[in-house]
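Here are the chains, one letter per residue:
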Amino acid sequence: MIKILVIEDEANIRREVMDWLRFEGYAVIGAENGRAGLAAVHQEAPDLILCDVAMPELSGHEVLSEVRSGVDSGQIPFIFLTAAADRGAMRRGMELGADDYLTKPFTHAEVLNAVHTRLDKKSAQDAQVQNQLDTLNLVFAEEREKRLLKSRIVAMFAHDFRNPLNWILMSSEILRSQADRLTPERRDRQLDRIDSAVHQLLQMLDDMLTVAEVESGRLGFAAERVELPPFIETTLDELRLMDQGAHRFTLHTNARRFITADPKLLKRILANLLTNAMKFSPPETEITLSIYEVPDAICFEVQDQGLGIPAESLPRLFEPFHRASNIQHTKGSGLGLTIVKECVERHHGVIEVASDLDQGTTFTVRLPTV
């Protein structure tokens, strides 16, 4: 059954709209203000939202900003209810991602028409996406492995890119529309969210380019003299920003200052291993990067206190898209460790893994120094 959330602080209007929708066979949830409405979005996962603009606690525009920035709620059709046909407010709502406006007083027919239109449009969009995926499946049917790679990359672009982009748009709108009300701390938090999202997008783009180069046989190796301390600090700073303080990063190193390596490939190795550690470790746990030398090699060791890897998954860990049984519901492309292995092999190095379930995982990369 289709579920509709009505966020309206005027009780008479809220009850009347809810009765109209129930009579049409919809499951209906009511919320008396913006804050209660946001809680209902997270608890009930509605298929469509009707929301007043001027409300206590949170305005309709603030509710919409939060809904559009959510991973699971970003695509929910959103219709504003407003008592004033103010063009500026309407334009701002549309810029934030509203799908439609209803001006009070509205009729039974106007509400149902707007609801039907938005639900039909969402259904058509979902069908179009499914049709595109079906078309991709047909196009690549003769080359199953390539089809699998390409369709999953397309899915990753379509899904994973949307979330950081939404964060950027929402934070930018908050900075623009609430500049005179933001404390320095809140302003810096929005700027950090933008920076974090940009770094996530850049890392995903780098991964996609690396995969494309591997598939086309064009992943090269351009060794040069790398000054290790600033290289490592820059990499860790970017990952700390992406992590937004969720974990503690610790660096241990007694290695030489300069090494010979391909800096682009070395960055992909460290970024993917550390990102995996962030993704599969509980908040506030420690992620350790240790750099040390053994005879004829320099070692990069990434240790976390996360979920661990089941023993049956270890032999297939570096295969494209392989995901261990205990992380099936965690988002990700399944390409990170494949990329790491390719980059390590271009250095004529090796990668090893040791893991205990619910205790953590340690990846050790050994790159030759001679």
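Residues numbered from 1 in each chain as written. Predicted model: local features only at pLDDT ≥ 70, side-chain atom pairs only at ≥ 80, totals over all residues. Heavy atoms only, no water.

What to know about the packing of helix α10 (residues 263–279) against helix α11 (residues 336–346)
Look at α10 against α11: their axes get within 9 Å of each other, and the N-to-C directions meet at 145 degrees. The two elements α10 and α11 cross, and the hand of that crossing is left-handed. For the pair α10 and α11, contact is made by L265, R268, I269, N272, L273 and N276 and by G336, L337, I339, V340, C343, V344 and R346, respectively. Among the residues forming the contact of α10 with α11, the class breakdown is 8 nonpolar, 3 polar and 2 charged. (Axes fitted to C-alpha atoms, helices over the stretch in contact; angles between N-to-C directions. Helix = DSSP H or I, 4+ residues; strand = E, 2+ residues; numbered from the N terminus. Left-handed = near helix turned anticlockwise from the far one by under 90°. Contact = heavy atoms within 4.5 Å. Nonpolar A, V, L, I, M, F, W, Y, C, P; charged D, E, K, R; others polar.)

Digging into helix α1 (residues 11–23)
In a regular helix each residue adds 1.5 Å, so 13 residues correspond to 18 Å; α1 covers 18 Å between its end C-alpha atoms and thus fits that length. Taken residue by residue, α1 has I13, R14, V17, M18, W20 and L21 as its buried positions. Down the axis, α1 shows its buried residues gathered within 155 degrees of arc, on one side only. Within α1, the exposed residues directed more than 90 degrees away from the buried face are N12 and F23. Two residues or fewer after α1 comes G25, characterised by a positive phi angle close to 95 degrees. (Expected span 1.5 Å × (residues − 1). Buried < 20%, exposed > 50% of the residue type's maximum accessible area, 1.4 Å probe, protein only. Arc of directions from axis to C-beta.)

Quick word on the nonpolar core
I232, L273 and F300 are the most contacted members of the largest nonpolar core, which totals 41 residues. With 8 residues, α10 is the largest single contributor of residues to this core. Core analysis: the next-biggest nonpolar cluster, separate from the first, contains 21 residues, V41, L58, I76 and A98 among them. (Core = buried A, V, L, I, M, F, W, Y, C linked by side-chain atoms within 4.5 Å.)

Examining helix α3 (residues 60–69)
Because each turn of an α-helix spans 3.6 residues, side chains separated by three or four positions end up pointing in the same direction. Here α3 lies mainly inside the structure; 8 of its 10 residues are buried. Those residues of α3 that sit buried are G60, H61, V63, L64, S65, V67, R68 and S69.

Details of the pairing of strand β4 (residues 78–82)
In terms of burial, β4 is largely enclosed, as 5 of its 5 residues are buried. In β4, alternate side chains face the same way, and those of F78, F80 and T82 on one face and I79 and L81 on the other are all buried. Handedness of the crossover joining strand β3 (residues 48–52) and β4 through α3: right-handed. Inspection of the sheet shows β4 paired to strand β5 (residues 100–103) by 4 bridges, in the parallel sense. Across the sheet, the residue bridging to T82 is T103, located in β5. (Right-handed = clockwise from strand over helix to strand, strands pointing away. Pairing = 2+ DSSP bridges.)

Details of the pairing of β3
Burial analysis of β3 places 5 of its 5 residues in the buried class, the great majority of the element. Residues L48, L50 and D52 point to one face of β3 and I49 and C51 to the other, with burial holding for every one of them. Where strand β1 (residues 3–7) meets β3, 4 bridges bridge the pair, whose relative direction is parallel. Its bridge partner being in β3, V6 is matched across the sheet by L50. Looking at chain direction, β3 and β4 are connected through 4 bridges and run parallel. When the bridges of β4 are listed, I49 appears paired with F78.

Some points on the environment of G93
As for its position among the elements, G93 is in helix α4 (residues 87–96). Residues G93 and F78, spaced 15 residues apart in sequence, show a C-alpha to C-alpha distance of 10.0 Å. Residues within four places of G93 in sequence aside, it is in contact with H61, L64, F80, A98 and Y101.

Describing unusual backbone geometry
A cis amide bond links K104 to the next residue, P105, at an omega of -5 degrees. Secondary-structure assignment places P105 in the loop between β5 and α5 (108–139). Positive phi values are uncommon outside glycine, yet A45 reaches one of about 50 degrees. Among the residues examined, A45 registers a relative accessible area of 53% and is labelled exposed. With a phi angle near 55 degrees, Q244 is a residue other than glycine that sits in the positive phi range. Within the secondary structure, Q244 is located in the loop between α9 (228–243) and β7 (248–253).

A few points about the pattern of salt bridges
If you walk through the whole model with that rule in mind, you get 18 salt bridges. One salt bridge in this structure joins R35 and E57, with 3.0 Å as the shortest N-O distance. You can see R35 sitting in helix α2 (residues 34–44) and its partner E57 sitting in the loop between β3 and α3, a full 22 residues away along the chain. Under the relative-accessibility criterion, R35 is labelled partly exposed at 48%. One salt bridge in this structure joins E342 and R346, with 3.2 Å as the shortest N-O distance. With E342 and R346 both in helix α11, this residue pair falls 4 residues apart, about one helical turn. Look at R346 and you get partly exposed, because its relative accessible area is 24%. A single salt-bridge network, built from bridges that share partners, covers E8, E10, D52 and K104. (Salt bridge = Lys/Arg side-chain N within 4 Å of Asp/Glu carboxyl O.)

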